[in-house]
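Structural overview for review
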Amino acid sequence: MKQYNHSEIEKKWQQEWASARAFETPDTVAGKENSYILFEFPYPSGNLHVGHWYAFALTDIYARFERLRGKNVLFPVGFDAFGLPAENAAIKHGLNPRTWTYQNMDSMRAQMRAMGCTFDWSREVVTCAPEYYKWTQSLFLTLFNAGLVQKKTTTVNWDPVDKTVLANEQVLADGTAERSGALVEQKEMDQWTVSITKYADRLIDDLEPLDWPEAIKDSQRNWIGRSEGAKLTFTLSGSYGSLQVFTTRPDTLYGVTYLVVAPEHELVSVALPALANKDAVEAYITAAKRKTERDRLIGEKEKTGVLLDGVTATHPLTGESLPIYTADYVLKGYGTGAIMAVPAHDERDAAFAEAFGLPVKKVIAPRLVDDRNPHVEGKEVVTRNAVIAVVRNPENDTYLTLHWPAQQWHTFVIGGVEGEEDSVAAALREITEETGYTDVRFVRKLVGPTRSEFFAAHKDVNRIGYFDIHLFELGSLEQKVVAEEEVKKQTYEWVPRSALTTAMTHTEMPFILESLDTGKEFFWSGEGILVNSGEHTGLSSAEAKQRITEAAGGELVSTYKLRDWIVSRQRYWGCPIPIINCPHCGPVAVPEDQLPVVLPEIDDYMPRDDGRSPLAKATEWMQVSCPSCGGNAERETDTLDTFVDSSWYYLRYADAKNEQVFADREKLNAWMPVNFYSGGAEHTTMHLLYARFFNKALFDLGLVPSAEPFTKRLNRGLILGTDGNKMSKSKGNVIDPDTEVARFGADTVRSYLAFIGPYNEPGNYPWDPNGIVGVRRFLERAAAIPEHVVVETPAHVRQLVHQSIKKVAEDAARFKFNTAIAQLMVLTSAICKDGIGKDDAQLVAVILSPFAPHLAEELWQQLGGISLVAHEPWPQYDASLLEQATVIIAVQVNGKVRGQVEASKDATEADVLHAALGQESIQKWVGDTDPKKVIYVPGKLLSIVV
RNA sequence: GCCGGAGUGGCGGAAUGGCAGACGCGCACGACUCAAAAUCGUGUCUCGCAAGGGGUGAGGGUUCGAGUCCCUCCUCCGGCACCA
């Protein structure tokens, strides 16, 4: 066999493509649809790793496939070139960050050319180039002028190692910095913030129609964390004015027994001097301040707090006076930083109320509808207070249950509460009436009130019962004689705990069982029907939310977990913020004609402890006159978060060279929105959210054509080391793609990564050194196809060719490159075994080309193809060739496969059945009886039921 | 705790409700070879000599037929989490 010399072939075709400028994309091509395929541009770390290959080369497979399918494909490339590593290298090794970055980009470009990707280098963007960041600054000012950017004093996440501010998204759950791993501190600083929260609703609502994996959408929804509720105002005593709280449950307003404000809440500092327990409150807030985020997480969830002794609130509906506490379980940053506490229906409030001995008032009854005894239409509806008595005999751990023969009910002792009687007294009365037992002691309440709806057959009415459920213990078996009419209605029986199941007639059973198991009264935090709620009693939660909010003079609002995006960074290697701080005029935008504000060269990149960027050392650069008043002023010395740079790079690709505008509107119209965006899961709540926001803001200003930037998104998986761990230098399990390319060739590396697993679901795949050898063997066989050319393609190979044209296209379209390659393997093996005609072999080169582009070009040329295979159209398959004239049909008898028959592909059920019954192996199972039922799936299967 | 996603051979993984395990790796045997590597071929879920039985995290259900649909549960992964 002729040797498959990958290095020769790959070098040859890479040169051919480059000299033909084969993949530079015009903005429009007559008769072709545009398709914009994007991957996350890399940070120029200096070295291409396997993850880059997985990101770029597999996206390239799709780009090539789209091109073959007749699309005009934009597949651009660039570098996200600002950021800390360059600066850290500068500090550590005394290199200039610019030099370091540009050298890295040079070596990475060389590595990337070896991938055989169809990158359009003519549109390359580099975020640290003034030609690019001029427009980053311009767009920043566009948002500034639109009122979406402000300088604000905020509590920020301060990274004491990198000495810079971090966005919330850059802080891990354990309170450490994502990048440096340092424990993040909270600091008050003046920061540039972008009002992403103004777009919170649209960032959630516009997710719906996007062709994104549900998991990404959900993560974003979670992250934005919208919750719908109400803002309610409580009037305060003395001259303190009022206090606004946020609640998702205004329907529980009658259950409020106290209020809580966060330790940082304004009211605490305002009221402090006059408080009777001033010292205690002061001590508490000092302690709370000292707790970092991490302490709060690791620290016990035990509720702490302290009364604000000297100020009270008035309940807006009942006029009751309510105490106010400060406690750190209420967070300053969420809602209004103050809550109304409803200990009867909120777990946290319940824990606090228990710790502080505060009253609990139930206002919601869960609504239980008995499906087995539903309300009967036309019957009277009678509402009653009622009680269920769970009586336990401690002697043998059995429970007293009743059987109602007429209704087929199985219940505990149950009955109505009469007049002024309380529910415990009513229960004791009913126990004696129904069973005769007299020596019974009340233990505790289990459940209640519940609102239960059922048809009371014994009374012939529709009953709405508000039930209390109590636990009793039997003291002795003492009994009175039970009236005869009661005996007729029901009989009683003692049953063990295990016989109490949800199968009993009470709809409350799950609640009762839970309370028996936990030993605690059943706690209801869900919605239901209002009780003890004045004029609103009897309403459903849903209705009450509106009516009570209205009655209390509040308003229905949404709040979000999403915070505004802090974009200033106190570091050197970033895009300078184009603002001049004037002592008279405040922050003033640098005039558009003075952009870009060029990042000055400095000598010392060390970050400063005072929270200012190293740019503050470039005194000459800093000193300017105010564009507004002409007086002395200073440039802003903070730089922009690199996520700002990457929030719009996909727009620049549409028109990368434009010097008049960030991108020409016509070109944006031609390309936006991006048709397919491939990237890493780590960007789900960062880059993807920022970019969506940025694009929406620009859309609202009429600068981009679509409200959403990315139509389809997939998060790719991770390639692990051969040991199944994440590749890392310290583990010594890093696979160097350059080494693999040298040994096996780029086509093999690409195809191996495509074959390793489905690209449309983000799995983690270990690198298998043997696995890549298998793929290499496949390409060696493919390389030998010209040697197997025969005059006429054998029929079964021809069929396989057309099946492959169809299947590879279908699989590639849904990013199942693994099964597409499996099909190509089957096809190639058949060709090597039985030969193929030249014309058909050319088709094979075309469908192979997205995966192994260099080899495919070589084959194409050897097989007499003209021009480049990369520019061929995807072949049409011949549907008539897909199926054979006769097919093998599986025959099932009673659901088990018992044999096969060969039949024409359009044989009728009767034909196939006849053939099947003629076979001994099937006859054996069918016997003499006539089949009860026969199902025929044409061309596939016959199922006989006997 | 809440919200998503996923559980299939020794491994990566295939399967419009229609013969579970395609394709690849690994392994075994064979061919070629003085020999080895490479290559090619055959076999490879499991119990059973066989006929046949069992099998897709566990248990139930729907169906002529379930990896696939429904219910309950378990485990793993991801996101959020004292979020009112």
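Here the residue numbering is sequential within each chain, running from 1 through the sequence in written order. Lettering of chains starts at A and numbering of ligands starts at 1, both following the order in which they are written. Given that the model is predicted, a residue must reach a pLDDT of at least 70 before its local features are reported, and side-chain atom pairs must reach 80 or more before they are shown or counted; all residues, however, enter totals for whole chains, interfaces and linings. Calculated side-chain values reflect all of the structure's heavy atoms, with hydrogen atoms and water omitted.

1. Some thoughts on the overall build of chain A
Short version of the rule: To qualify as a helix, a DSSP run of H or I must reach at least 4 residues; to qualify as a strand, a run of E must reach at least 2; elements of each kind are numbered from the N terminus. The buried label goes to any residue with under 20% of its type's maximum accessible area, the exposed label to any with over 50%, and the partly exposed label to all in between, with areas taken from a 1.4 Å probe on protein chains only. For this analysis, residues touch if any pair of their heavy atoms sits within 4.5 Å.
Along chain A, the regular secondary structure elements total 29 helices and 40 strands. When the backbone C-alpha atoms are referred to their principal axes, chain A occupies close to 105 × 105 × 50 Å. Residue burial in chain A is summarised as follows: out of 946 residues, 53% are buried. Taking the contacts inside chain A whose residues are at least 6 apart along the sequence as the reference set, 74% of them involve residues at least 24 apart.

2. Structural notes on empty space enclosed by the protein
Filter applied, for reference: Here a cavity denotes a set of grid points, spaced 1 Å apart and computed over the protein atoms alone, in which a 1.4 Å probe fits but from which it cannot get out, and a pocket denotes an open set meeting protein on both sides within 12 Å along at least five of seven lines; residues with an atom within 4 Å of a point are reported as lining. Grid points are joined across faces, edges and corners, and a volume is the space filled by probe spheres set on the points. Charged residues are taken to be Asp, Glu, Lys and Arg, nonpolar residues to be Ala, Val, Leu, Ile, Met, Phe, Trp, Tyr, Cys and Pro, and polar residues to be all remaining types, Gly included.
Following the criterion strictly, the structure yields two cavities of 30 Å³ or more and no others. Computed from the structure, the largest cavity encloses a volume of approximately 80 Å³. Forming the boundary of the largest cavity are Ala344, His345, Lys362, Ile364, Pro366, Val447, Gly448, Pro449, Thr450, Phe522, Phe523 and Trp524. For the lining of the largest cavity, the leading source of residues is strand 20 (residues 440-456), giving four residues. Its residues placed into classes, the lining of the largest cavity shows eight nonpolar, three polar and one charged. The computed volume of the second largest cavity comes to approximately 30 Å³. Every residue lining the second largest cavity is listed: Arg64, Arg67, Leu68, Ser849 and Ala870.

3. Some thoughts on the packing of aromatic side chains
The cut-off we apply is this: Aromatic pairing here means that ring centres of Phe, Tyr or Trp (its six-membered ring) are within 6.5 Å. Orientation follows from the plane angle: under 30 degrees is stacked, over 60 is edge-to-face, and everything else is tilted.
Going through the model one piece at a time under the given rule, you end up with 49 aromatic pairs. Centre to centre, the rings of Phe39 and Phe56 are 4.4 Å apart; their planes meet at 35°, and the pair counts as tilted. Placement of Phe39 in strand 1 (residues 33-39) and of Phe56 in helix 2 (residues 50-68) is noted, with a sequence separation of 17 residues between them. Of the two residues examined, Phe39 and Phe56, each falls in the buried class. Plain terms: the ring middles of Phe65 and Trp874 are 5.2 Å apart, the flat faces sit at 85° to each other, and that makes the pair edge-to-face. On the criterion of sequence distance, the pair formed by Phe65 in helix 2 and Trp874 in the loop between helix 27 (853-862) and strand 37 (886-893) is long-range, its members being 809 residues apart. Classification of Phe65 by relative accessible area gives buried; the value is 1%. Among the aromatic residues, those joined into a ring-pair cluster are Tyr54, Tyr62, Phe65, Phe676, Tyr759, Phe815, Phe817, Phe851 and Trp874.

4. What about the protein's contact with RNA strand B?
We apply this condition: Nearness is judged by heavy atoms alone; a residue qualifies as near a molecule or strand once a single heavy atom is within 4 Å of it. Counting of polar contacts relies on pairs of N or O atoms within 3.5 Å, with two restrictions inside protein: one atom must be capable of donating a hydrogen and the other of accepting it, and residues adjacent in sequence are counted only when both atoms are side-chain atoms.
Taken together, the neighbourhood of RNA strand B is formed by 51 residues, with Thr248, Lys303, Arg348, Lys561 and Ile756 sitting nearest. Per the 4 Å cut-off to the protein, sugar and phosphate atoms form 60% of the nearby atoms of RNA strand B. Here Ile756 contributes a backbone N or O atom positioned 2.5 Å from a sugar or linking oxygen of RNA strand B. At a separation of 2.7 Å, a phosphate oxygen of RNA strand B approaches a polar side-chain atom of Arg777. In the surface near RNA strand B, the residues fall into 23 nonpolar, twelve polar and 16 charged.

5. With respect to the sheet that holds strand 31 (residues 632-635)
Sheets are built from strands that pair by backbone hydrogen bonding, the pairs being arranged parallel or antiparallel. Rules: Any two strands are treated as partners once DSSP identifies two or more bridges connecting them. Only the contacting stretch of a helix is used when fitting its axis, a line to C-alpha atoms as for every element, and angles between N-to-C directions run 0 to 180 degrees.
Read across the open sheet, the four strands follow the order 29-28-31-30; overall the sheet is antiparallel. Both edges of this open sheet fall to strand 29 (586-589) and strand 30 (623-625), since each of them pairs with a single strand only. Sheet twist, expressed as the mean angle between neighbouring strand axes with direction ignored, is 40°. Here three bridges tie strand 30 to strand 31, and the two strands are oriented antiparallel to one another. Across the sheet, Val624 pairs through a bridge with Ala633, a residue of strand 31.

6. With respect to the environment of Thr318
Following the sequence through the fold, Thr318 ends up in the loop between strand 11 (306-314) and strand 12 (321-326). Considered as a pair, Thr318 and Glu473 are 155 residues apart in the sequence and their alpha carbons are 39 Å apart. Only 3.0 Å separates the side chain of Thr318 from the side chain of Glu320, close enough to count as a polar contact.

7. A few points about the pattern of salt bridges
Inclusion rule: Between Lys or Arg on one side and Asp or Glu on the other, a salt bridge is scored when a side-chain nitrogen of the former is within 4 Å of a carboxyl oxygen of the latter.
Enumeration over the complete set of coordinates arrives at 53 salt bridges. A salt bridge links Arg713 to Glu40; its shortest N-O distance comes to 2.9 Å. In this pair, Arg713 sits in strand 34 (residues 713-715) while Glu40 sits in the loop between strand 1 and helix 2, placing the two residues 673 residues apart along the sequence. Note on accessibility: Arg713 and Glu40 belong to one class, buried. A salt bridge links Arg109 to Asp106; the shortest N-O distance between them is 2.9 Å. Pair noted here: Arg109 and Asp106 are both in helix 4 (residues 97-113), with a separation of three residues, about one helical turn. For Asp106, a relative accessible area of 48% corresponds to the partly exposed category. One network of salt bridges, with partners in common, ties together Asp27, Asp120, Arg123, Asp655 and Lys667.

8. Details of helix 7 (residues 214-224)
Note the threshold: To be clear, the arc concerns the directions from the helix axis to the C-beta atoms.
Those residues of helix 7 that fall on the buried side of the exposure criterion are Ile216, Lys217, Gln220 and Ile224. Along helix 7, the residues classed as buried sweep out an arc of 100° about the axis, all on the same side. Away from the buried face of helix 7 by more than 90 degrees, exposed residues Ala215 and Asn222 are located. Packed against the buried residues of helix 7 are helix 6 (200-205), helix 20 (687-700) and strand 34. Gly225 sits one or two positions beyond helix 7 and adopts a positive phi of about 60°.

9. Topic: helix 12 (residues 423-435)
Spacing of three or four residues puts side chains on the same side of an α-helix, whose turn is 3.6 residues. We count it as follows: A helix is expected to span 1.5 Å for every residue after the first.
Between its first and last C-alpha atoms helix 12 spans 18 Å; for 13 residues at 1.5 Å apiece the expected length is 18 Å, and the two agree. Residues of helix 12 that are buried include every one of Ser423, Val424, Ala426, Ala427, Glu430, Ile431, Glu434 and Thr435, and no others. Viewed along the axis of helix 12, the buried residues span an arc of 155°, placing them on a single side of the element. Of the residues that open helix 12, the one with a side-chain oxygen 3.0 Å from the backbone nitrogen of Val424 is Asp422.

10. Considerations on the packing of helix 7 against helix 20
For clarity, the threshold we go by: For classification purposes, an angle smaller than 35 degrees is called roughly parallel, one larger than 145 roughly antiparallel, one from 65 to 115 roughly perpendicular, and anything else oblique.
Across the interface, helix 7 lies against helix 20 with an axial gap of 11 Å and an inter-helix angle of 80°. Here helix 7 is positioned roughly perpendicular relative to helix 20, judged by the angle of their axes. Of the residues in helix 20, those in contact with Ile216, Gln220, Trp223 and Ile224 of helix 7 are Leu688, Leu689 and Arg692. Class assignment for the residues of the contact of helix 7 with helix 20 results in five nonpolar, one polar and one charged.

11. Observations regarding the environment of Ala63
Note that Ala63 resides in helix 2. Considered as a pair, Ala63 and Phe119 are 56 residues apart in the sequence and their alpha carbons are 9.4 Å apart. Not counting chain neighbours up to four residues away, the residues in contact with Ala63 comprise Ile37, Val73, Phe75 and Thr118.

12. Notes on the pairing of strand 33 (residues 676-679)
Spelled out, the test is: When the strands point away from the viewer and the path from the first strand over the helix to the second turns clockwise, the crossover is right-handed.
Here strand 33 shows a buried face lined by Phe676 and Ser678 and a second buried face lined by Tyr677 and Gly679. One ladder, built from three bridges, connects strand 1 with strand 33; its direction is parallel. Each bridged residue has a counterpart across the sheet, and for Phe39 the counterpart in strand 33 is Ser678. Note that strand 33 and strand 34 share three bridges and pair parallel. Paired with Ser678 across the strands is Leu714, a residue of strand 34. In this region the chain leaves strand 33, passes through helix 20 and returns to the parallel neighbour strand 34; the handedness of that crossover is right-handed.

13. Some points on the confidence of the model for chain A
We apply this condition: Every residue carries a pLDDT, the predictor's confidence in it, which falls somewhere between 0 and 100.
Summing up the model confidence of chain A, the mean pLDDT is 91 and the portion of residues at 70 or higher is 98%. For chain A, the element scoring lowest by mean pLDDT is helix 10 (residues 293-298), at 48; helix 18 (residues 649-652) scores highest, at 98. Two numbers describe this predicted complex: its pTM, 0.89, and its ipTM, 0.94.

14. What to know about unusual backbone geometry
Outside of glycine, negative phi angles account for most residues, and trans bonds account for most peptide bonds. Residue Leu595 is joined to Pro596 through a cis peptide bond whose omega torsion reads 0°. Considering the arrangement of structural elements, one finds Pro596 in the loop between strand 29 and helix 16 (619-622). Cis geometry marks the peptide bond from Met672 to Pro673; its omega dihedral reads -5°. Tracing the backbone shows Pro673 in the loop between helix 19 (665-671) and strand 33. Although it is not a glycine, Gln408 sits at a positive phi angle of roughly 60°. Tracing the sequence through the fold places Gln408 in the loop between strand 17 (398-404) and strand 18 (409-411). Exposure remark for Gln408: the relative accessible area of 72% places this residue in the exposed category.

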